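# Survey of secondary and tertiary structure
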Amino acid sequence: MFRLSTRSITKPGQVTFAFKNIGHVLHDFKINGKKTPLLQPGKTAKLVVTFKKKGRYPYVCSVFGHAAAGMKGVFTVR
């Protein structure tokens, strides 16, 4: 599962998501048309995303079956 430090921002703007794969298989993070490369266990990546308007933005691990297993959520721009 993903553990975001925050699940929302108060206005549109730029957000830097930082990730460390603490699992035992490859993972990535996809949101608003952008995604990290596949991360090996123990590796880290940053993803900078600019949200231009208010809304709810779904995020997932795009590895087959991972979203269905719960690696998904919603990030909110207020």
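None of these values were measured; they are calculated from a predicted model.

## A short note on the nonpolar core
Core analysis: the largest hydrophobic core is formed by 19 residues, its most contacted members being Phe-17, Phe-29, Ile-31, Phe-51 and Phe-75. Counting residues per element, the ones that place at least two in this core are strand E2 (13-20), strand E5 (44-51), strand E6 (55-60) and strand E7 (72-77).

## Let's talk about the environment of Thr-76
With respect to the helices and strands, Thr-76 occurs in strand E7. Judged by relative accessible area, Thr-76 falls into the buried class, the value being 17%. As for Thr-76 and Ser-5, which are separated by 71 residues in sequence, their C-alpha atoms are 13 Å apart. Setting aside anything within four residues of it in sequence, one finds Thr-76 in contact with Arg-7, Ser-8, Ile-9, Gly-55 and Arg-56.

## Looking at the layout of surface pockets
Of the volumes computed, that of the largest pocket is approximately 340 Å³. The wall of the largest pocket is formed by 15 residues, among which Met-1, Phe-2, Lys-20, Asn-21 and Ile-22 lie closest to the centre.

## A word on the packing of aromatic side chains
Here a ring pair, both rings aromatic, is described through the centre-centre distance and the interplanar angle of the planes. This model, assessed by the stated rule, comprises 8 aromatic pairs. Aromatic side chains Phe-17 and Phe-29 sit 5.2 Å apart centroid to centroid with 45 degrees between the ring planes, which places their arrangement in the tilted category. Linking Phe-17 in strand E2 with Phe-29 in the loop between E2 and strand E3 (30-31), this pair joins segments that are 12 residues apart in sequence. When its relative accessible area of 1% is taken as the criterion, Phe-29 is described as buried. Ring geometry for Phe-17 and Phe-75: centres 5.3 Å apart, planes at 75 degrees, overall edge-to-face. Placement of the pair is Phe-17 in strand E2 and Phe-75 in strand E7, with a sequence separation of 58 residues. Classification of Phe-17 as buried rests on a relative accessible area of 5%. The buried category is assigned to Phe-75, whose relative accessible area is 1%. Here the aromatic cluster, defined as three or more aromatic residues joined through ring pairs, consists of Phe-17, Phe-19, Phe-29, Phe-51, Tyr-57, Tyr-59 and Phe-75.

Cut-offs used in this document
Residues numbered from 1 in each chain as written. Predicted model: local features only at pLDDT ≥ 70, side-chain atom pairs only at ≥ 80, totals over all residues. Heavy atoms only, no water. Core = buried A, V, L, I, M, F, W, Y, C linked by side-chain atoms within 4.5 Å. Buried < 20%, exposed > 50% of the residue type's maximum accessible area, 1.4 Å probe, protein only. Helix = DSSP H or I, 4+ residues; strand = E, 2+ residues; numbered from the N terminus. Contact = heavy atoms within 4.5 Å. 1 Å grid on protein atoms, 1.4 Å probe; cavity = no way out; pocket = protein on both sides within 12 Å on 5 of 7 lines; lining within 4 Å. Points joined across faces, edges and corners; volume = space filled by probe spheres on them. Phe/Tyr/Trp six-rings, centres within 6.5 Å; stacked < 30°, edge-to-face > 60°.

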